[in-house]
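Breakdown of the fold
Here are the chains, one letter per residue:
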Amino acid sequence: MSVRTRFAPSPTGYLHVGGARTALFSWLHARKHGGKFILRIEDTDLERSTAESINAILEGMTWLGLEYDEGPFYQTHRFDRYNEVIQELLDKDLAYRCNCSKERLDSLREAQMQHKEKPRYDGHCREKHIKPDGPHVVRFRNPLHGAVVVDDVIRGKVLFQNEELDDLVLRRTDGAPTYNLSVVVDDSDMGITDVIRGDDHLNNTPRQINILRALSKEPPQYAHVPMILGDDGSRLSKRHGAVSIMDYRKQGVLPEALLNYLVRLGWSHGDQEVFTLDEMIELFDISKVNKAASAFNTEKLLWLNQHYIKKDDPARIARLLSPHMGDIGIDPASYPPLIDVVRAQQERARTLVEMAEISAFFYRDFDAYDENAVRKHLRSAARAPLEKMRDALAALDEWKAERLHKIVVDIAGNLDLNLSKVAQPLRVAVVGRAASPGIDVTLYLVGREACLRRINRALNYIVQRTAEN
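The structure reproduced in this document is the subject of the present report.

Analysis parameters
Residues numbered from 1 in each chain as written. Predicted model: local features only at pLDDT ≥ 70, side-chain atom pairs only at ≥ 80, totals over all residues. Heavy atoms only, no water. Buried < 20%, exposed > 50% of the residue type's maximum accessible area, 1.4 Å probe, protein only. Helix = DSSP H or I, 4+ residues; strand = E, 2+ residues; numbered from the N terminus. Pairing = 2+ DSSP bridges. Right-handed = clockwise from strand over helix to strand, strands pointing away. Phe/Tyr/Trp six-rings, centres within 6.5 Å; stacked < 30°, edge-to-face > 60°. Lys NZ or Arg CZ within 6 Å of the ring centre and 35° of its normal. Salt bridge = Lys/Arg side-chain N within 4 Å of Asp/Glu carboxyl O. Lys, Arg positive; Asp, Glu negative; His and termini not counted. Polar contact = N/O pair within 3.5 Å; in protein donor to acceptor, adjacent residues only side chain to side chain. Contact = heavy atoms within 4.5 Å. Axes fitted to C-alpha atoms, helices over the stretch in contact; angles between N-to-C directions. 1 Å grid on protein atoms, 1.4 Å probe; cavity = no way out; pocket = protein on both sides within 12 Å on 5 of 7 lines; lining within 4 Å. Points joined across faces, edges and corners; volume = space filled by probe spheres on them. Nonpolar A, V, L, I, M, F, W, Y, C, P; charged D, E, K, R; others polar.

1. Considering the pairing of strand S2 (residues 36–41)
Burial runs high along S2: five of the six residues are buried. Pairing of strand S1 (residues 4–7) with S2, which is carried by four bridges, proceeds in the parallel orientation. Within S2, the position partnered with Phe7 by the bridge is Leu39. Viewed along the sheet, the connection from S1 through helix H1 (residues 17–32) into S2 turns out right-handed. As defined by bridge partners, S2 adjoins strand S3 (residues 70–74) across three bridges and the pair is classed as parallel. Bridge pairing links Ile41 to Tyr74 in S3. Crossover S2 to S3 through helix H2 (residues 51–64) is right-handed.

Take a look at the structure:
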C-alpha cells in the first residue's frame, strides 16, 4: 500500500509554527515515498471553529508551498458517516448511551481528585441500556483489561493499560461527534497509512487504536513529534513573538527559509544546515526525528533568512519586497528601480522588513541623523570635503556610479585625506547614518537632486553646530 499522510488542523486559530512543522514532516514523508498528502479540516468544535481560521490555514499552506493531493475535507460535511459508524458500534454493543448529568460528572471528578486518582468516567451507565429518546451522550465501551501498545516510529513502543482508559464520549448530547471518533473514521476511510502529529495527541492514540480494532480496522503507523519550545525553554507561545506562520511573512521571512528552519527543528542530516526542497525530500527520515523537544531559535531563523535573501534572484526579492515598501509609505514604482535597490541591499538585510527600512532613504529624505554618526563624521573638518563634493556633483555631466566613485577618490587626493574622511561624512549627509552600500552606488541611486539637497542640509548643520560651540 502506498504511503498516505494527512495534516488535520482544527480551525480554532491561525496556522502556528508547530502545526506547520507537522504539516511539513507529513508532506516530506509522503513526497519521499511517492505517496499522497491529504489536507483535512477537523472542524467538529462548532463553537470555536471559524471560517477566518480555515482561511488562515489554507493561506499558510499556500504560502509555504505545501500543496496537498486531496482535500481539503471538512469533518462537518461527514456527520452522516460518523453517525453511521456510531450506530454500528451501538448495534454491536461496543458503545452505549449515557445520561449522567453534568452535576454527577463534576462531583465524580472532584472526588477522584481529592483521592488523588486519575479523573475518569466510572462506567455508571455501562449496563443501564439507556433509551435514545432522552438527552444522552454515546460512549465507547473500552476494554476493561489488557493493554494497548503504541509502536511509535519516533518514541518506540509505548504501553497503555486499558484499565487507565475510560469510556470516552463518541457523540455529544447535541449530536456532534467528538474528535476521537471522527479522526478514527476519517483516517480509516481515507486510507491513511502514516499519522504524523504532535506528541500532545499521544494519550489519544491508545483510545483511537481500540476504536479501530472494534471496527475491525488496522491502525496506521504513528509518529508523535515532540513539542517546540521558545528561546527561553518554555513552551512556544505568543509571548515569544511570531508563532503564526503568516506573522513571519509580515516580518519579511521567506517561505523557503522558514521551511528550512522548521525541518531542522528536531531532525538533522549530519552538520548540514541549508537544504533545498529537493534535498529535504531526499534526505528526510521521520524515524530520525529526535524524541526530545526542540527549542525555537529566532536568531538562527534570521541567519537562514539572510542566506536565502542573498542567494535569491533580485527580481523575485524585489517582487516580495514591494508590499513592505508600501507598508512604510513608499511607492516602489518610483525612482530608483526597486530591483537596483535590492541588488545594493541584498547582502545587508536579514528580513524584507529590514531591507525596506534601510532602503527608505533612497526614496525620501530622512527625518533625523543618527547621533553617533553625527558626532563622529559631521564635524567642522568635514565642511571642506562636503563643499567640494557638492560643487563637483552639481557640475557632473553624467550621473554614473563609476564617475561618482572617481570624484570621491579625486577629492580625497586633492585634500590629502584618507578616502574614508570624504566618503563617511558624505554618507552621513546623504543617508543619515554611517552604514549604506558603497558610496558610489548610494549616490547613484539617491540621485543628483536629492544628494545636493541633503549635502546642503548637512553643511548647514555643521555651520550651526560650529556656531553653537
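Now that the structure is up, let's keep going.
2. Quick look at the packing of aromatic side chains
Enumeration over the complete set of coordinates arrives at nine aromatic pairs. An angle of 35° between the planes, with centres 4.9 Å apart, marks the rings of Phe25 and Phe284 as tilted. On the criterion of sequence distance, the pair formed by Phe25 in helix H1 and Phe284 in the loop between helix H9 (277–283) and strand S12 (294–295) is long-range, its members being 259 residues apart. With a relative accessible area of 0%, Phe25 lands in the buried category. Aromatic side chains Phe79 and Tyr82 sit 6.3 Å apart centroid to centroid with 50° between the ring planes, which places their arrangement in the tilted category. Placement of both Phe79 and Tyr82 in helix H3 (residues 79–91) is noted, with a separation of three residues, approximately one turn of the helix. On the basis of relative accessible area, Tyr82 is assigned to the buried category, the value being 0%. Ring pairing ties together the aromatic residues Phe25, Trp267, Phe275 and Phe284, which thus form one cluster. Above the ring of Tyr121, the side-chain terminus of Arg139 is found at 3.6 Å from the ring centroid. The ring of Tyr369 carries the charged tip of Arg457 above its face, separated from the ring centre by 5.1 Å.

3. Quick notes on the pattern of salt bridges
Applying the stated rule across the entire model yields 37 salt bridges. Residue Arg40 is joined to Asp186 by a salt bridge in which the shortest nitrogen-to-oxygen separation is 3.5 Å. Here the residue Arg40 occupies a position in strand S2, and Asp186 occupies one in helix H5 (residues 179–189), the gap between them amounting to 146 residues. Pair check on accessibility: Arg40 and Asp186 agree, each one buried. Linking Arg78 and Asp186 is a salt bridge whose minimum nitrogen-to-oxygen distance equals 2.7 Å. Taken together, the residues span a long stretch of sequence, with Arg78 in the loop between S3 and H3 and Asp186 in helix H5 at a distance of 108 residues. Asp186 sits in the buried class, given a relative accessible area of 0%. Here the salt bridges share partners, and the residues they tie into one network are Arg6, Arg40, Glu42, Arg78, Arg81, Glu84, Asp186, Asp187 and Asp189.

4. Observations regarding the side chain of Arg197
With respect to the helices and strands, the residue Arg197 is situated in strand S9 (residues 194–198). One buried charged residue, Arg197, forms no salt bridge at all, with the nearest opposite charge on Asp187 at 5.3 Å. Side-chain polar atoms of Arg197 contact the side chain of Thr205, separated by 2.8 Å. Not counting the four nearest positions on each side in its chain, Arg197 is found in contact with Arg6, Thr22, Tyr179, Thr205, Gln208, Tyr222, Ala223, His224 and Val225.

5. A few points about the side chain of His377
Along the chain, His377 falls in helix H14 (residues 371–377). Once residues within four sequence positions are removed from consideration, His377 is found in contact with Ala382, Gln424, Pro425, Val428 and Ala434.

6. Some remarks on the pairing of strand S10 (residues 221–225)
With four of its five residues buried, S10 lies for the most part within the structure. In this sheet, S10 lies alongside S9 in parallel orientation, the contact comprising five bridges. Bridging from a neighbouring strand, Ile196 pairs with Ala223 of S10. Following the chain from S9 across helix H6 (residues 205–214) to the adjacent parallel S10, one finds a crossover that is right-handed.

7. Overview of H6
Judged by how many residues are buried, H6 sits mostly within the fold: nine of ten residues are covered. Those residues of H6 that sit buried are Thr205, Pro206, Arg207, Gln208, Ile209, Asn210, Ile211, Leu212 and Ala214. Residue Ser216 follows H6 closely and has a positive phi angle near 60°.

8. Overview of the sheet that holds strand S5 (residues 137–140)
Pairing in this open sheet of three strands is antiparallel, and the strands run S4-S5-S8 from one edge to the other. The two strands at the open ends of the sheet, each matched to only one other strand, are strand S4 (95–98) and strand S8 (169–171). Direction aside, the axes of adjacent strands within the sheet are offset by 40° on average.

9. Some details on the layout of surface pockets
Looking at the largest pocket, its volume works out to about 1200 Å³. Along its surface, the largest pocket is lined by 42 residues, and Pro9, Ser10, His16, Asp200 and His201 are the ones closest to its centre. Contributions of two or more residues to the lining of the largest pocket are made by S1, H1, H5 and S9. Tallying contributions element by element places H1 first for the lining of the largest pocket, with five residues. Looking at side-chain class alone, the lining of the largest pocket contains 16 nonpolar, 15 polar and eleven charged residues. Considering only enclosed or pocket space, the second largest pocket measures out at about 310 Å³ in volume. Along its surface, the second largest pocket is lined by 13 residues, and Arg109, Arg120, Tyr121, Arg139 and Asp166 are the ones closest to its centre. Ranked by residues supplied to the lining of the second largest pocket, first place goes to helix H4 (residues 102–114) with six residues. Considering only residue class, the lining of the second largest pocket consists of six nonpolar, one polar and six charged.

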